[in-house]
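Close look at the chain arrangement
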Amino acid sequence: MKYPKFTLMFLLGTFIFTSSCSNDAEKTDDIDNTDDTSDAISTPLSAFDEFNSDSVTISFDGDDITIDSNGTPNHTSPYWEETNALYIEPVVAVALTPGRIGGDRSFTVTVPSAPEKASSSSATGLGPIGISVTGVPIFNDTEGPNRPLEEQIVETFDYAGAHNGPSGYHYHIESSDVAENTVLSQDDEKLVGVMADGFLIYGRKCSSTGDYPTDLDVSGAHNASTQHSDGEAFYHYHIINEFYLGTVIALFAVDLQGTPNSIM
Ligand SMILES: [Zn+2]
Ligand SMILES: [Zn+2]
């Protein structure tokens, strides 16, 4: 009786040993992909289905994806003209910046379908640094030259974390947890948009774990699967789960890890 038991344990041991070995090999491959950037993984195309098709046109052309938006959101805001069906009285904004949503605007960026990390990161500048799923451009954590978002500016944000400026309506911060907010990422794993380097940005949580990721790099990014990637890990950003000012969470206050493409 002892001999068969030993054989069974030996076989079991061999199986466990073999399977853990192959797992290690897979992990090593993943790490190689991110470190030398020689083997970029394509952005899952189903993510682009989430963009607001009333404002955004996505064109796929070989190794490139072009995102073109008129910058108008599919949600309510006090920044709409009062005659617009999506106009609402301010919910969180204390004061409004001049101007309204609309006008003849266009934001276009062409990104690689398989973006790669650059050898060095890039600081973001004034103006659009990404395009959100609603079509509204994403701005960084500054308002004008050398002017970080401060209380007087934060007071002008609507519940979407946006206000109006010379280049139109744009997001700076994560949206507010209010009943009016039905489409935007708020402390969850929703897709936020695509950044100028072609990497996607998601909310504060990651669908790979359903929780706040703990393995983010300095830009709030990591290699993991998302609700769009069918289990495959790829490099993407998250809104970093950190207060920027008071209870405000910046959408993107860090460097881009890929090569920025200009948003014209
Ligand atoms: Zn602004
Ligand atoms: Zn993630």
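Structure report, in brief. (Residues numbered from 1 in each chain as written. Chains lettered and ligands numbered in written order. Predicted model: local features only at pLDDT ≥ 70, side-chain atom pairs only at ≥ 80, totals over all residues. Heavy atoms only, no water.)

1. With respect to the overall build of the chain
- Check the secondary structure of the chain and you find 2 helices and 13 strands.
- For the chain, with 264 residues in total, the buried portion stands at 43%.
- Long-range contacts, defined as pairs at least 24 residues apart, comprise 58% of the intrachain contacts of the chain with a sequence gap of at least 6. (Helix = DSSP H or I, 4+ residues; strand = E, 2+ residues; numbered from the N terminus. Buried < 20%, exposed > 50% of the residue type's maximum accessible area, 1.4 Å probe, protein only. Contact = heavy atoms within 4.5 Å.)

2. Section: the sheet that holds strand E3 (residues 107-112)
- A sheet is described by the order of its strands in space; here 3 strands give the open sequence E1-E2-E3, paired in antiparallel fashion. If you trace the sheet from one side to the other, it starts and ends with strand E1 (56-61) and E3, each paired once. Mean inter-strand twist for the sheet, computed between neighbouring axes without regard to direction, equals 15°.
- Where E1 lies against strand E2 (residues 64-69), 6 bridges are found, and the strand directions are antiparallel. From the neighbouring strand, Phe 60 faces E2, where its bridge partner is Ile 65. (Pairing = 2+ DSSP bridges. Axes fitted to C-alpha atoms, helices over the stretch in contact; angles between N-to-C directions.)

3. Regarding the pattern of salt bridges
- Taken as a whole, this structure holds 5 salt bridges when the rule is applied.
- A salt bridge links Glu 174 to Arg 204; the nearest nitrogen and oxygen atoms lie 2.9 Å apart. With a gap of 30 residues between them, Glu 174 in the loop between strand E8 (168-171) and strand E9 (191-195) and Arg 204 in the loop between strand E10 (200-202) and strand E11 (221-224) connect regions that are remote in the sequence.
- On the accessibility criterion, Arg 204 (10% relative accessible area) is buried.
- A single network of salt bridges, built from pairs that share partners, joins Glu 174, Asp 187 and Arg 204. (Salt bridge = Lys/Arg side-chain N within 4 Å of Asp/Glu carboxyl O.)

4. Quick look at the coordination of the zinc ion (ligand 1)
- At the metal site, the zinc ion (ligand 1) is ligated by Glu 143 (OE), His 163 (NE2), His 170 (NE2) and His 172 (NE2), and these contacts range over 2.0 to 2.1 Å.
- Taken together, the 4 donor atoms coordinating the zinc ion (ligand 1) span angles of 90 to 155° at the metal, a pattern that classifies the geometry as irregular.
- Donor residues for the zinc ion (ligand 1), ordered by position in the chain, follow E-x19-H-x6-H-x1-H. Residue Glu 143 is found in the loop between strand E6 (137-138) and helix H2 (151-154), and its partner His 172 is found in the loop between E8 and E9; the two are separated by 29 residues along the sequence.
- By relative accessible area, His 172 is classed as buried at 0%. (Donors = N, O, S within 2.8 Å, 3.2 Å for Na, K, Ca; no water. Tetrahedral: all angles 85-135°; square planar, octahedral: opposite > 155°, others 65-115°.)

5. With respect to empty space enclosed by the protein
- Counted by the stated rule, this structure contains 3 cavities of 30 Å³ or more.
- Reported here for the second largest cavity is a volume of approximately 110 Å³.
- For the lining of the second largest cavity, a count of residues per class yields 10 nonpolar, 3 polar and 1 charged. (1 Å grid on protein atoms, 1.4 Å probe; cavity = no way out; pocket = protein on both sides within 12 Å on 5 of 7 lines; lining within 4 Å. Points joined across faces, edges and corners; volume = space filled by probe spheres on them. Nonpolar A, V, L, I, M, F, W, Y, C, P; charged D, E, K, R; others polar.)

6. A short note on the coordination of the zinc ion (ligand 2)
- Protein-derived ligands of the zinc ion (ligand 2) are Cys 206 (SG), His 222 (NE2), His 236 (NE2) and His 238 (NE2), with the metal-ligand distances lying across 2.0 to 2.3 Å.
- Coordination at the zinc ion (ligand 2) is tetrahedral: its 4 donor atoms span angles of 101 to 122° at the metal.
- Coordination of the zinc ion (ligand 2) draws on donor residues from a single chain, spaced C-x15-H-x13-H-x1-H in sequence. You can see His 222 sitting in strand E11 and its partner His 238 sitting in strand E12 (residues 234-238), a full 16 residues away along the chain.
- For His 222, a relative accessible area of 5% puts it in the buried group.

7. Some words on the environment of Ser 122
- Counting through the fold element by element, Ser 122 comes out in strand E4 (residues 117-122).
- Ignoring sequence-local partners within four residues, the contact set of Ser 122 consists of Asp 255, Leu 256, Gly 258 and Pro 260.

8. Some words on the packing of aromatic side chains
- Evaluation of the coordinates by the stated rule reveals 8 aromatic pairs.
- Look at Phe 199 and Tyr 235: their rings are 4.8 Å apart centre to centre, the planes differ by 70°, and that puts the pair in the edge-to-face class. Taken together, the residues Phe 199 in the loop between E9 and E10 and Tyr 235 in strand E12 connect sequence positions 36 residues apart.
- You can call Tyr 235 buried: its relative accessible area is 9%.
- An aromatic cluster is built from Phe 199, Tyr 235, Tyr 237 and Phe 252, whose rings are joined through pairwise contacts. (Phe/Tyr/Trp six-rings, centres within 6.5 Å; stacked < 30°, edge-to-face > 60°.)

9. Structural notes on the environment of Glu 180
- With respect to the helices and strands, the residue Glu 180 is situated in the loop between E8 and E9.
- For Glu 180, a relative accessible area of 36% translates into the label partly exposed.
- Residues Glu 180 and Val 91, spaced 89 residues apart in sequence, show a C-alpha to C-alpha distance of 8.2 Å.
- Excluding residues that lie within four positions of it along the chain, Glu 180 makes contacts with Thr 76, Ile 88, Val 91 and Tyr 159.

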